[in-house]
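Architecture at a glance
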Amino acid sequence: MKKYILIPLIALTVVFAAFQIQQKPTLYMIGDSTMHNNDKDLWGWGTTIADHLDLTRIDLVNSATAGRSTRTFIKEGRWDKVYSALKPGDYVIMGFGHNEGSKPDTSKAGYRGVLKGTGADSLVLNWPNNVVEVVHSYGWYIRKFIRDTKAKGATPIVVSMIPRREWDKNGKIQRADKDYGLWAKQVANEESVAFVDLNEITASKYDKLTHDQVFALFGKDHTHTNKDGAVISAQSFVDGLKLQPNVTLNNYLKK
């Protein structure tokens, strides 16, 4: 009799263990090259964030792709791949803004551009291959990411773009608090989701450094960080996340 009771118990244990493994949450990163780069001379903070996560309890998938804007991340099907994989309990960190600035049109230069702001206005583009594309505002795309993520039972976390290696006339690192950083914050607030001001937190750290020290955190241009710069950006995200203890991603940070 004991033998027959033992077999079902073992089977239940195996099923329960498999269920636990299946339910392990995943953190998805979506963004541009400042979040995911070649991890050689240039690094994205979506790579170095791994150092802060307990990867025995949460998986990390960095789906950010160099050169992409909110518009092209969707247009090229990259968001569909993330969306189709999302399950309840997952997280999506979304951070864009570096590649949105061009005027949207059917030229190579306008391929990535979006409409400025957070409004519902749109622009219809007729491409030479007879494809019709409707271009929306930056805020519209961020809102879509948020709502799609929520619809899957996952948690969206919006971040502002990391600061560039540029100073204003007062000798401070230029902020993105009048355009993409502001619009990201506004949409996050409207949608009642977490927002981490990565731009402000990191820029404040840069302001405490000399110009030479800030230069040492970047590659040859003013946008892309090396590993040391990516480490600072990842720490900035964690700093901002910890200010919001109600965001459950905090539970997966290393103790």
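Residues numbered from 1 in each chain as written. Predicted model: local features only at pLDDT ≥ 70, side-chain atom pairs only at ≥ 80, totals over all residues. Heavy atoms only, no water.

Some details on the packing of aromatic side chains
Note the following rule: Two aromatic rings, drawn from Phe, Tyr or Trp (for Trp, its six-membered ring), form a pair once their centres lie within 6.5 Å of each other, and the interplanar angle then sorts them: stacked below 30 degrees, edge-to-face above 60, tilted otherwise. Strands here are runs of E lasting at least two residues and helices are runs of H or I lasting at least four, both read from the DSSP assignment and numbered beginning at the N terminus. Definition used: whenever NZ (Lys) or CZ (Arg) falls within 6 Å of the ring centre and also within 35 degrees of the ring normal, the charge is taken to sit over that ring.
Tallied over the entire structure, the rule returns 14 aromatic pairs. Both rings, one in Phe96 and one in Phe145, keep their centres 5.5 Å apart while their planes meet at 15°; by these two values the pair is stacked. Placement of the pair is Phe96 in the loop between β3 (91-95) and β4 (122-126) and Phe145 in helix α5 (residues 138-151), with a sequence separation of 49 residues. Here Trp167 and Phe215 contribute two aromatic rings whose centre-to-centre distance is 5.9 Å and whose plane-to-plane angle is 20°, an arrangement assigned as stacked. Within this pair, whereas Trp167 is found in the loop between β6 (155-159) and α6 (180-190), its partner Phe215 is found in helix α8 (residues 211-215), the two being separated by 48 residues in sequence. Connected via pairs of aromatic rings, a cluster forms that spans Phe73, Trp79, Tyr83, Phe96 and Phe145. Lying across the ring of Tyr83, Lys152 places its NZ or CZ 4.4 Å from the centre.

Overview of the layout of surface pockets
By rolling a water-sized probe across the atoms, one finds the places where empty space is left. Applicable threshold: Cavities and pockets are defined on a 1 Å grid built over the protein atoms alone: a cavity is a set of grid points where a 1.4 Å probe fits but cannot escape, while a pocket is an open set with protein on both sides within 12 Å along at least five of seven lines, and lining residues are those with an atom within 4 Å of any such point. Grid points are joined across faces, edges and corners, and a volume is the space filled by probe spheres set on the points. Put simply, Ala, Val, Leu, Ile, Met, Phe, Trp, Tyr, Cys and Pro go in the nonpolar bin, Asp, Glu, Lys and Arg in the charged bin, and everything else, Gly too, in the polar bin.
Approximately 180 Å³ is the volume found for the largest pocket. In this structure, the largest pocket is lined by 14 residues; those nearest its centre are Met161, Arg164, Arg175, Ala176 and Asp179. Here the lining of the largest pocket is composed, by residue class, of five nonpolar, five polar and four charged.

So, unusual backbone geometry
Residues apart from glycine generally show negative phi values, whereas peptide bonds are mostly found in trans. Quick note on the threshold: Think of it in three bands: with a 1.4 Å probe and only protein chains considered, a residue is buried below 20% of the maximum accessible area for its type, exposed above 50%, and partly exposed in between.
Residue Asp39 is not a glycine yet carries a positive backbone phi of 55°. The residue Asp39 is located in the loop between β1 (26-31) and α2 (45-48) in this model. What makes Asp39 partly exposed here is its relative accessible area of 28%. Notably, Ser192 is not glycine yet its phi reads approximately 55°, a positive angle.

Topic: the packing of helix α7 (residues 198-207) against helix α9 (residues 227-242)
Basically, it comes down to this: Think of each axis as a best-fit line through the C-alpha atoms, taken over the contacting stretch in the case of a helix, with angles from 0 to 180 degrees between the N-to-C directions. Roughly parallel covers angles under 35 degrees, roughly antiparallel covers those over 145, roughly perpendicular covers 65 to 115, and oblique covers all other angles. Left-handed describes a crossing in which the near helix is turned anticlockwise from the far one by less than a right angle; the clockwise case is right-handed. Any pair of residues with heavy atoms lying within 4.5 Å of one another is described as a contacting pair.
Between α7 and α9, whose axes approach to 9 Å, the crossing angle comes to 125°. When the axes of α7 and α9 are compared, the pair comes out oblique. Where α7 crosses over α9, the handedness of that crossing is right-handed. Counting all contacts with α7, which are made through Leu198, Ile201, Thr202, Lys205 and Tyr206, the residues of α9 involved are Gly229, Ile232, Ser233, Gln235, Ser236, Phe237, Asp239 and Gly240.

What about the nonpolar core?
This is how it is decided: Definition used in this section: a nonpolar core is a set of buried Ala, Val, Leu, Ile, Met, Phe, Trp, Tyr and Cys residues joined via side-chain atoms within 4.5 Å.
Residues Ile30, Trp79, Tyr138, Ile142, Phe145 and Val158 are the most contacted members of the largest nonpolar core, which totals 30 residues. At the level of elements, β1, α3 (70-75), α4 (78-85), β3, α5 and α6 are the ones that each hand at least two residues to this core. Other than its neighbours up to four places away in sequence, Ile142 contacts Thr70, Met94, Phe96, Val158 and Val187. Core analysis: the next-biggest nonpolar cluster, separate from the first, contains 24 residues, Ile49, Leu198, Val238 and Leu253 among them.

Section: the side chain of Asn199
Using the following cut-off: For this analysis, a polar contact is any N or O atom pair within 3.5 Å, provided that within protein one partner can donate a hydrogen and the other can accept it, and provided that sequence-adjacent residues contribute only side-chain to side-chain pairs.
Tracing the backbone shows Asn199 in helix α7. A residue is classified by how much of its surface remains accessible, and Asn199, at 4% relative accessible area, is buried. Separated by 3.0 Å, the side chain of Asn199 and the backbone nitrogen of Ala176 make a polar contact. Setting aside its immediate chain neighbours within four residues, Asn199 contacts Ser160, Met161, Ile162, Pro163, Arg175 and Ala176.

Brief notes about the environment of Thr48
Within the secondary structure, Thr48 sits in helix α2. Sequence-wise, Thr48 and Asp148 are 100 residues apart; in three dimensions their C-alpha atoms are separated by 26 Å. Look past the residues within four positions of Thr48 in its chain and what remains in contact with it is Trp43, Lys227, Ala230, Val231 and Ala234. In this structure the side chain of Thr48 is engaged in a polar contact, spanning 2.9 Å, whose partner is the backbone oxygen of Ala230.

Notes on the sheet that holds β6
To summarise the sheet geometry, strands pair through backbone hydrogen bonds and adopt either a parallel or an antiparallel arrangement. Applicable threshold: Only when DSSP finds a minimum of two bridges between them are two strands counted as paired.
Judged by pairing direction, the sheet is parallel, and its five strands sit side by side in the order β2-β1-β3-β6-β7 without closing on themselves. Each edge of the sheet is formed by a strand with only one pairing partner; in this case those strands are β2 (59-62) and β7 (194-196). Each strand of the sheet is rotated relative to its neighbour by a mean of 20°, with strand direction disregarded. One ladder, built from four bridges, connects β3 with β6; its direction is parallel. From the neighbouring strand, Val92 faces β6, where its bridge partner is Pro156. The strands touched by α5 are β1, β3 and β6; relative to β6, the strand with the most contacts, the crossing angle is about 155°. Against the sheet, α6 makes contact with β6 and β7, and its axis sits at roughly 160° relative to β7, the strand it touches most.

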